[in-house]
Amino acid sequence: DPLERLAAIRAETMRLKRTNQAEGAASLVAAASGTPMTLLSLGLKAAADRRPFNMTITNVPGPQFPLYLGEARMLATYPLVPLWQYHGLSIALFSYSGTMNWGVVADYDLVPDMGEFLACIRSSEQELLAAAGA
């Protein structure tokens, strides 16, 4: 049942937020921001075998009003979370002006069935929308 699945995901997410596990992963990702490429590559090599995860999932709430560059309205924006070495998959959601867009990046050697995975995401999304009466 899609609503039971959503409730289980929500409960586990809330449980993880109460622990330091999510903060540890977020710290690794945040450490890369603004780090010079030479230092970052050395750090990545040193930490490649030490990361306790191989997938990143994040959501970023964006502005819920349209943005413009001059008179050109931005229609959508798609998030991108780069992959680390031995990191198989990143999934990011970004909400903007009443919409939500997905950015999914995968290492083909680790996730060769990406098309099937995306089809499952779309199917689950449709199930949830139907359950919500949308």
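One numbering rule holds for all chains: residues counted from 1, following each sequence as written. Confidence filtering applies because this is a predicted model: local features only for residues at pLDDT of at least 70, side-chain atom pairs given and counted only at 80 or more, and all residues used for totals across whole chains, interfaces and linings. Side-chain calculation: all heavy atoms of the structure are included, whereas hydrogens and water are not.

*Asks:* Whenever I open this one, the packing of helix α1 (residues 2-18) against helix α4 (residues 114-131) confuses me. Can you help?
*Replies:* The description of two packed helices rests on the angle between their axes and on the distance between the axes. Here, axes are lines fitted to C-alpha atoms. For helices the fit covers the stretch in contact, and angles between N-to-C directions go from 0 to 180 degrees. Segments assigned H or I by DSSP are reported as helices when at least four residues long, segments assigned E as strands when at least two residues long, and all are numbered from the N terminus. Between α1 and α4, the least distance of the axes is 9 Å, while the angle of their chain directions is 105°. When the axes of α1 and α4 are compared, the pair comes out roughly perpendicular. Counting all contacts with α1, which are made through Pro2, Leu3, Arg5 and Leu6, the residues of α4 involved are Ser124, Glu127, Leu128 and Ala131. Split into classes, the residues belonging to the contact of α1 with α4 amount to 5 nonpolar, 1 polar and 2 charged. Working rule for angles: under 35 degrees goes down as roughly parallel, over 145 as roughly antiparallel, 65 to 115 as roughly perpendicular, anything else as oblique. Any two residues having at least one pair of non-hydrogen atoms within 4.5 Å are treated as being in contact. Put simply, Ala, Val, Leu, Ile, Met, Phe, Trp, Tyr, Cys and Pro go in the nonpolar bin, Asp, Glu, Lys and Arg in the charged bin, and everything else, Gly too, in the polar bin.

*Asks:* Explain the environment of Leu128 to me, please; I cannot follow it from the model alone.
*Replies:* Summarising the element assignment, Leu128 is placed in helix α4. Separated by 123 residues in the primary sequence, Leu128 and Arg5 have C-alpha atoms spaced 9.4 Å apart.

*Asks:* How should the sheet that holds strand β5 (residues 99-106) be read in this particular structure?
*Replies:* Two orientations exist for strands paired in a sheet by backbone hydrogen bonds: parallel and antiparallel. At least two DSSP bridges between two strands are needed for those strands to be called paired. Pairing in this open sheet of 3 strands is mixed, and the strands run β1-β4-β5 from one edge to the other. If you trace the sheet from one side to the other, it starts and ends with β1 (55-61) and β5, each paired once. Along the sheet, successive strands turn relative to each other by an average axial angle of 10°, direction set aside. As defined by bridge partners, strand β4 (residues 89-96) adjoins β5 across 8 bridges and the pair is classed as antiparallel. Directly across from Leu93, in β5, lies its bridge partner Trp102.

Bear in mind that shape data such as this cannot, by itself, settle questions of function.
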